[in-house]
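Now for the letters of each chain:
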Amino acid sequence: MCGIVGYVGRKNATDILLEGLKRLEYRGYDSAGLAVMGTEAKLKVVKAVGKTVFLEEKLTREPATGQAGIAHTRWATHGVPSEANAHPHLDCAGRLALVHNGIVENHEELKRRLEALGHRFVSATDTEVLAHLIEEHARHRPFEEALCAALKEVVGTFGLAVVMVDQPRTVYGARRGSPLVVGVGRDGENYLASDPAALIAHTRDIIYLGDDEVVRLDDNGIETFSLDRVRVTKAPETVSWSLQEIERGHHPHFMVKEIHEQPTVVRNALAGRLDARQGMSVLGGLKDVDERLRRAERLTISACGSAYLAGAIGAMMIEECAEIPVRAEIASELRYRKPIFDANREAFIAVSQSGETADTLGALREAKNKGVLTLGIVNVVGSAVARETDAGVFVHAGPEIAVASTKAFTAQLTVFALLAMHLGRQRRLSLAAGQRLAEELASLPEKVERLLEQDEAIRLLAKKYSRYPSFLYIGRKYNAPLANEGALKLKEVSYVHAEGYAAGEMKHGPIALLDDGFPVFAIATKDSLQEKVKSNVQEAKARRAPIVVLASEGDEAMAQLADDVIWVPRTTEMLSPILNVIPMQLFAYHLAVARGLDPDKPRNLAKAVTVE
Ligand code: G6P
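Residues numbered from 1 in each chain as written. Predicted model: local features only at pLDDT ≥ 70, side-chain atom pairs only at ≥ 80, totals over all residues. Heavy atoms only, no water.

1. Things to note about the environment of L364
And then number 1: Looking at the secondary structure, you find L364 in helix α11 (residues 358-369).
And then number 2: A sequence separation of 55 residues divides L364 from L419, and the C-alpha atoms of the two residues are 19 Å apart.
And then number 3: Beyond its immediate sequence surroundings of up to four residues, L364 is in contact with F348, A350, T374, V385, E388 and T389. (Helix = DSSP H or I, 4+ residues; strand = E, 2+ residues; numbered from the N terminus. Contact = heavy atoms within 4.5 Å.)

2. As for the sheet that holds strand β10 (residues 190-193)
And then number 1: Strand order in the open sheet formed by eight strands is β3-β2-β4-β1-β10-β9-β11-β14, and the pairing between neighbours is antiparallel. Strands with a single pairing partner mark the edges of an open sheet, and in this sheet they are β3 (43-49) and β14 (237-238).
And then number 2: In this sheet, β14 lies alongside strand β11 (residues 205-208) in antiparallel orientation, the contact comprising two bridges. Bridging from a neighbouring strand, D205 pairs with T238 of β14.
And then number 3: Each of β1 (2-8), β2 (31-37), β4 (68-74) and β10 touches helix α1 (residues 13-23); the most contacted strand, β2, lies at about 155° to it.
And then number 4: Lying over the sheet, helix α2 (residues 52-61) contacts β2, β3 and β4, oriented at roughly 135° with respect to β3. (Pairing = 2+ DSSP bridges. Axes fitted to C-alpha atoms, helices over the stretch in contact; angles between N-to-C directions.)

3. Concerning the sheet that holds strand β12 (residues 213-218)
And then number 1: Taken in spatial order, the six strands of this open sheet run β5-β6-β7-β8-β12-β13, and their pairing is antiparallel. The sheet is open, and its two borders are formed by β5 (89-90) and β13 (221-226), each paired with just one other strand.
And then number 2: As defined by bridge partners, strand β6 (residues 96-101) adjoins strand β7 (residues 158-164) across six bridges and the pair is classed as antiparallel. Of the residues in β7, the one forming a bridge with H100 is L160.

4. Examining the domain arrangement of the chain
And then number 1: Parsing the chain into structural domains produces domain 1 (3-239), domain 2 (249-451) and domain 3 (454-597).
And then number 2: The C-alpha-based centres of domain 2 and domain 3 are spaced at 25 Å.
And then number 3: Contact between domain 2 and domain 3 buries roughly 2800 Å² in total, counting both sides, with carbon and sulfur atoms accounting for 74%.
And then number 4: Linking domain 2 with domain 3 are two salt bridges, by the criterion used here.
And then number 5: For K477, the salt bridge is made with E320, and the minimal N-O distance between the two is 3.8 Å.
And then number 6: Linking domain 2 with domain 3 are 13 residue pairs in polar contact (both at pLDDT 80 or more).
And then number 7: Listed by contribution, the elements that provide at least two residues to the side of domain 2 that touches domain 3 are α6 (254-260), α7 (262-270), α9 (305-322), α13 (407-426), α14 (431-442) and α15 (444-452).
And then number 8: Looking at which element gives the most residues to the side of domain 2 that touches domain 3, the answer is α9, with nine residues.
And then number 9: Tallied by class, the residues present in the side of domain 2 that touches domain 3 amount to 21 nonpolar, nine polar and four charged. (Domains from an automatic or database assignment. Buried area = accessible area lost by both parts, 1.4 Å probe. Salt bridge = Lys/Arg side-chain N within 4 Å of Asp/Glu carboxyl O. Polar contact = N/O pair within 3.5 Å; in protein donor to acceptor, adjacent residues only side chain to side chain. Nonpolar A, V, L, I, M, F, W, Y, C, P; charged D, E, K, R; others polar.)

5. Brief notes about helix α16 (residues 455-464)
Working note: α-helix, 3.6 residues per turn, so residues spaced by three or four point in the same direction.
And then number 1: Within the span of α16, buried status applies to D455, I458, L461 and A462. Take α16 and look down its axis: the buried residues cluster within an arc of 120°, on one side only. Exposed and facing more than 90 degrees away from the buried side of α16 are K463 and K464.
And then number 2: Those residues of α16 that are buried are in contact with α6, α15, β25 (547-552), β26 (564-568) and α20 (576-594). (Buried < 20%, exposed > 50% of the residue type's maximum accessible area, 1.4 Å probe, protein only. Arc of directions from axis to C-beta.)

6. Brief notes about the side chain of T14
And then number 1: Among the secondary structure elements, T14 is positioned in helix α1.
And then number 2: The residues touching T14, leaving out its near neighbours within four places in the chain, are L34, V36, L59, A64 and T65.

7. Description of the site of the ligand
And then number 1: Among the 14 residues in the neighbourhood of the ligand, the closest are listed as S306, S352, Q353, S354 and T357.
And then number 2: In the model, an oxygen atom of the ligand is placed 3.0 Å from a nitrogen or oxygen of the S306 main chain.
And then number 3: The separation between an oxygen atom of the ligand and a polar side-chain atom of S352 is 2.6 Å.
And then number 4: In isolation the ligand offers 390 Å² of accessible surface; the protein chains occlude 90% of this area.
And then number 5: Here the shell around the ligand gets three residues from one element, more than from any other, and that element is α9. (Near = heavy atom within 4 Å. Areas by Shrake-Rupley, 256 points an atom, 1.4 Å probe, with all protein chains shown as cover.)

8. So, the pairing of strand β21 (residues 391-394)
And then number 1: Side chains A391 and V393 of β21 all project onto a buried face; the interleaved residues G392 and F394 project onto a face where none is buried.
And then number 2: Sheet analysis places strand β20 (residues 373-378) next to β21, joined by four bridges and oriented parallel. Note that in β21 the partner of I377 across the bridge is V393.

9. So, the pattern of salt bridges
And then number 1: Under the counting rule described, the total for this entry stands at 49 salt bridges.
And then number 2: The partner of K11 in a salt bridge is E189, with the nearest N and O atoms 3.1 Å apart. Linking K11 in the loop between β1 and α1 with E189 in the loop between β9 (181-184) and β10, this pair joins segments that are 178 residues apart in sequence.
And then number 3: Two residues, R450 and E553, come together in a salt bridge whose shortest N-O distance is 2.8 Å. Highlighted residues: R450 in helix α15 and E553 in the loop between β25 and α19 (556-561), separated in sequence by 103 residues.
And then number 4: Among the residues examined, R450 registers a relative accessible area of 29% and is labelled partly exposed.
And then number 5: Residue classification places E553 among the partly exposed positions, given a relative accessible area of 31%.

10. With respect to the environment of A146
And then number 1: Mapped onto the elements, A146 comes out in helix α5 (residues 143-152).
And then number 2: Placed 135 residues apart in sequence, A146 and S281 show a C-alpha to C-alpha distance of 52 Å.
And then number 3: Beyond its immediate sequence surroundings of up to four residues, A146 is in contact with I134, H137, A138 and R141.

11. Some thoughts on the nonpolar core
And then number 1: Counting residues in each nonpolar core, the largest one holds 123 residues, and the members touching the most others are I318, I349, Y473 and F587.
And then number 2: In this view, F587 contacts I458, L461, A462, Y465, F471, Y473, L490 and F521; residues no more than four positions away in its chain are not counted.
And then number 3: Counting 26 residues, the second-largest nonpolar core is a separate cluster that includes L114, A150, M164 and Y172. (Core = buried A, V, L, I, M, F, W, Y, C linked by side-chain atoms within 4.5 Å.)

The following block contains the structure:
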């Protein structure tokens, strides 16, 4: 997997494909390649290991010209990063080229069969099998039929693009479980991509392909059909993202740009959703299911990565406000357990920035099968989670480009607070408590702004701590999952080992690790458990661990215990993670930069994990 771009039109396909790949670079990748169809009925395939600039350099030496083609950035799943394993992959005759995201689970079985039929494989990828499988089917039938027949044999997931020399002005795309969109251009130009971000420099009119749908782009336009070759009519949706939102501007990295967008992000997540007088939240996306939500007696939240940690905090918010049991579960675990759902009295919430994470979708489908009401807390409009849930709330964080989630996480927490308020007011949360919550929520953007003013101070702090090999992050209650998020950010972008722990658990293991070379980052803002966190900080200090604390503005007593302090504006306990996360993001970002790393493209990570 990683990024796919396709183009048919009148311009030089190579330029458009390369530009599209660059816009997808943020998703993480280890090699890149493209196939362009020239006029002489030949495919020109060029690949390079590493950054797309290497591919670009290679293309200056070996130009590929044509008006249709496909391109790919690869994030290795089967086979090491190498030119042979980079996409596009070809059939034996070299007449067909294919790029693919997803996993062909039955590739070994298919490969054995195809090898027995004389096909020769040159890569260690699961993808290559698709090229040969289509070639095999095409011996007996027209190309389009062959493509559909081959895809019907696939067990697993695909978002793919194919070109073949016999149809030099045609690009095919197909999807099952891995995103693929069509960009509707003008003057006979059309595009394919795994992410609309690759296309919005050209068009904002996007068609989202559904599972087991195929699309043909050619001089006659765009035609979508099912694997049974039944035509499917699809209307384009307009993406609201602006080009500016997907460009870095004056910021050195997307990650820091997105961290600094958070006052606006929180404002946008709240916009039009707070009724301060009634102490209520107005969530239009839940209107149709409101009565079912009112009857819900329990909730399950499921997600991956940072979205899961937002869910774990959201679960506490809802329990506190609505007084119903809520469990938060890692999607890759939930989907393969035997989760007990109560179809009539339960609702399920999938949380996802991209809306395309394979495990989150797996858990969502499991819940759907059990007849549970499903909701989505999603950033990307039109994504699979958004489409497949019964209802939901968009977080409106705008495009998140940096691999490590920052602004989407904050927006998810903000939406959870609104949801907790909504479910609470449907139940026992009083008008006065709702009003206080609304007031406090409305004051958050300005407090986030105040936190961001400490950017330079946090940069110096991160520099000071940049040589330690390990960190322990601790916090309690709402800030226990947040300690995990702080540690996750540091791991992701700076490759420094970090663990997040519920502070009370420190004495049950991790304290054994502490000494003067193992700093502790404690979330110790004023709340009902601050005294307990203080004791934990003292325990760490007694082991000579360097201590960084997040302390509420003016809390000198807490600051005195620490080697370094980051001041956080005061808010309620429930909303505190929305503020506390900001300095932790900045700390991770600056620590990565201090270590000479590019935080936007952490090694081995991908923005949207569309494979299990
Ligand atoms: C990847 C990203 C994380 C993200 C997680 C879940 O691991 O690198 O930043 O939190 O996927 O992604 P989702 O799009 O479902 O929120």
